Amino acid sequence: MIHSILKDKPTKLFISIAAFFVANALIAECIGGKIFSLEKIFGWEPADMTIFGQTGLSFNLTCGVLLWPLEFVITDIVNEYYGPKAVKRISYTAVVLISYAFIMFYAAMNIPPADFWISSRQAEGIPNMQDAFGGIFGQGMWIILGSLTAFLVSQIVDVTVFHQIKKRTGQKWVWLRATGSTFVSQLVDSFIVLFIAFKIGNGWSWKLVLAICVVNYLYKFTMAILLTPVIYLAEKQIDRYLGEETARKMKLQAMGKETE
């Protein structure tokens, strides 16, 4: 059986995409604890925006947003060739494995450390390695819950919007269904994670939650537009790898059709 799987190009492609999808999501969660300044990357002054009466806002973003846009690109590609059931399958798999990873992080944080290890990096300015380790991997439970819930719901929203657009446009206008579904799902993602993690979990005001949601969405909205050519490039390479006829059949079957 393994030989037939390894020889089947659509199967090999799906396994590769699914593996990257899960790995990318897990890495995004792991690096999400660091906040960076987008303006500093380009040498700009802080934006200092006022939204919903909330002043002093700028593009201070979690490092996770560097990778999350790729998840939505991959979602659209899987949607295009394998259909909504495949997207849901890899999304559920990612959530289960990320949850498993956080359980392991929690266990590792609570295992008694070796005495020498605690002070092993003092010369490098890290006085307590146990505290540093916990600070990196010990995200609050509300943030974890918000992140996983937002990820799962936004993936389902992306699938639904993508196929609603595709039903009306057929194989044309890839950019419309890709960016359209991403625009909606990213908004859902931004709101849910902030609502659960910071409105429910930390008692933030609605004004602050909505203002930061807008800032995050502006970044994600921009990235969705910038990454649109990546989808066209990826589809071109996939069509070449699978063969035009196989790719055409897969796209039709993803829409629940056998023939055009």
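As the structure is a computational prediction, the values presented were derived from the model and not from experiment.

1. With respect to the overall build of the protein
- Of the regular secondary structure elements, the protein holds 12 helices and 4 strands.
- Across its three principal axes, the protein shows a C-alpha extent of roughly 65 × 50 × 35 Å.
- Taken across its 260 residues, the protein has 42% of its residues classed as buried.
- Within the protein, contacts between residues separated by at least 24 positions form 73% of all contacts whose residues are at least 6 apart in sequence.

2. With respect to the environment of W204
- Note that W204 resides in the loop between α9 (174-200) and α10 (206-226).
- As a C-alpha pair, W204 and L194 span 10 residues in sequence and 9.2 Å in three-dimensional space.
- Other than its neighbours up to four places away in sequence, W204 contacts F198, K199, V209 and I212.

3. Considerations on unusual backbone geometry
- Phi at D48 takes a positive value of approximately 50°, unusual for a residue other than glycine.
- With respect to the element layout, D48 can be found in the loop between α3 (38-41) and β2 (49-51).
- Its relative accessible area of 54% is what places D48 among the exposed residues.

4. Structural notes on the nonpolar core
- Counting residues in each nonpolar core, the largest one holds 48 residues, and the members touching the most others are F21, I77, V78, Y81 and L242.
- Where this core is concerned, the elements lending two or more residues are α2 (9-31), α4 (68-82), α5 (84-110), α8 (141-169), α9, α10, α11 (228-242) and α12 (244-254).
- The leading source of residues in this core is α5, at 9 residues.
- When sequence neighbours within four positions are dropped, the list of residues in contact with L242 reads K9, P10, L13, Y81, A247 and M250.

5. Digging into helix α7 (residues 129-137)
- Residues M129, Q130 and G134 constitute the buried set of α7. Along the long axis of α7, the arc covered by the buried residues comes to 135°, so they all point the same way. In α7, the exposed residues that point more than 90 degrees away from the buried face are D131, G135 and I136.
- Looking at the packing, one finds that the buried side of α7 touches α5 and α6 (115-118).

6. Some remarks on the pairing of strand β3 (residues 54-57)
- Of the pairings in the sheet, the one linking β2 to β3 comprises 2 bridges and is antiparallel in character. Within the sheet, the bridge partner assigned to M49 lies in β3 and is L57.
- Linkage of β2 to β3, two consecutive antiparallel strands, is achieved through a turn of 2 residues, within which F52 is found at a positive phi near 55°.

7. Concerning the pattern of salt bridges
- Under the counting rule described, the total for this entry stands at 5 salt bridges.
- Residue K251 pairs with E235 through a salt bridge whose shortest N-O separation is 3.4 Å. In this pair, K251 is assigned in helix α12 and E235 in helix α11, connecting sequence segments 16 residues apart. A single burial state applies to K251 and to E235, both of which are buried.
- For E245, the salt bridge is made with R248, and the minimal N-O distance between the two is 2.7 Å. Of this pair, E245 and R248 both sit in helix α12, separated by 3 residues, roughly a single helical turn.
- The class for E245 is partly exposed, based on a relative accessible area of 41%.
- What makes R248 partly exposed here is its relative accessible area of 34%.

The rules behind these values
- Residues numbered from 1 in each chain as written.
- Predicted model: local features only at pLDDT ≥ 70, side-chain atom pairs only at ≥ 80, totals over all residues.
- Heavy atoms only, no water.
- Helix = DSSP H or I, 4+ residues; strand = E, 2+ residues; numbered from the N terminus.
- Buried < 20%, exposed > 50% of the residue type's maximum accessible area, 1.4 Å probe, protein only.
- Contact = heavy atoms within 4.5 Å.
- Core = buried A, V, L, I, M, F, W, Y, C linked by side-chain atoms within 4.5 Å.
- Arc of directions from axis to C-beta.
- Pairing = 2+ DSSP bridges.
- Salt bridge = Lys/Arg side-chain N within 4 Å of Asp/Glu carboxyl O.

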